[in-house]
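The lines below spell out each chain.
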Amino acid sequence: MSVMELRGPVPFRGARYDFLGTLLAGWQAMLAHREERRTIVKLSRLPVHVIRDMGFDPESVYAALDGSWDEVDPARPYRNHLPRNGRV
């Protein structure tokens, strides 16, 4: 067993239990989810043999991509609001 010696104060960041703290926690969770999603998309674009060499199952990686942003048209929800004959 070893002994750790701390020099100086240890920074402590307390948790906030108010509305702003809830929003901040939700924002950080959303950012973490989006980063994970980007990583999975980048991983899925690699060749199958590279994914397998990294230690991942390619079928599991492709199964995790169900409904990725690559398959979704981002303008579809707003298509009804855009002018049909004019230039935007």
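Please read all numbers here as calculations on a predicted model, not as lab measurements.

Conventions adopted
- Residues numbered from 1 in each chain as written.
- Predicted model: local features only at pLDDT ≥ 70, side-chain atom pairs only at ≥ 80, totals over all residues.
- Heavy atoms only, no water.
- Helix = DSSP H or I, 4+ residues; strand = E, 2+ residues; numbered from the N terminus.
- Buried < 20%, exposed > 50% of the residue type's maximum accessible area, 1.4 Å probe, protein only.
- Contact = heavy atoms within 4.5 Å.
- Patch = residues over 30% accessible without salt bridge, like charges linked within 9 Å, V, L, I, M, F, W, Y side chains within 5 Å.
- Areas by Shrake-Rupley, 256 points an atom, 1.4 Å probe, with all protein chains shown as cover.
- Salt bridge = Lys/Arg side-chain N within 4 Å of Asp/Glu carboxyl O.
- Expected span 1.5 Å × (residues − 1).

Engineer: Provide a residue-level description of the overall build of the protein chain, including the pertinent values.
Structural biologist: Along the backbone of the protein chain there are 3 helices and 0 strands. What you see in the protein chain, going N to C, is helices and strands ordered as α-α-α. Taken across its 88 residues, the protein chain has 10% of its residues classed as buried. The long-range share in the protein chain, meaning contacts at least 24 apart out of those at least 6 apart in sequence, stands at 32%.

Engineer: Pulling in residues and values, what's your account of a nonpolar patch on the surface?
Structural biologist: A cluster of nonpolar side chains, contributed by Phe-19, Leu-20 and Leu-23, occupies part of the molecular surface with about 340 Å² of accessible area. Take Phe-19: it is sitting in helix H1 (residues 19-44).

Engineer: Run through H1, naming residues and quoting values.
Structural biologist: Compared with the 38 Å implied by 1.5 Å per residue over 26 residues, the 38 Å span of H1 between its first and last C-alpha is a close match. Among all positions of H1, only Gly-21, Val-41, Leu-43 and Ser-44 are buried. Against helix H2 (48-53) and helix H3 (58-63) lie the buried residues of H1.

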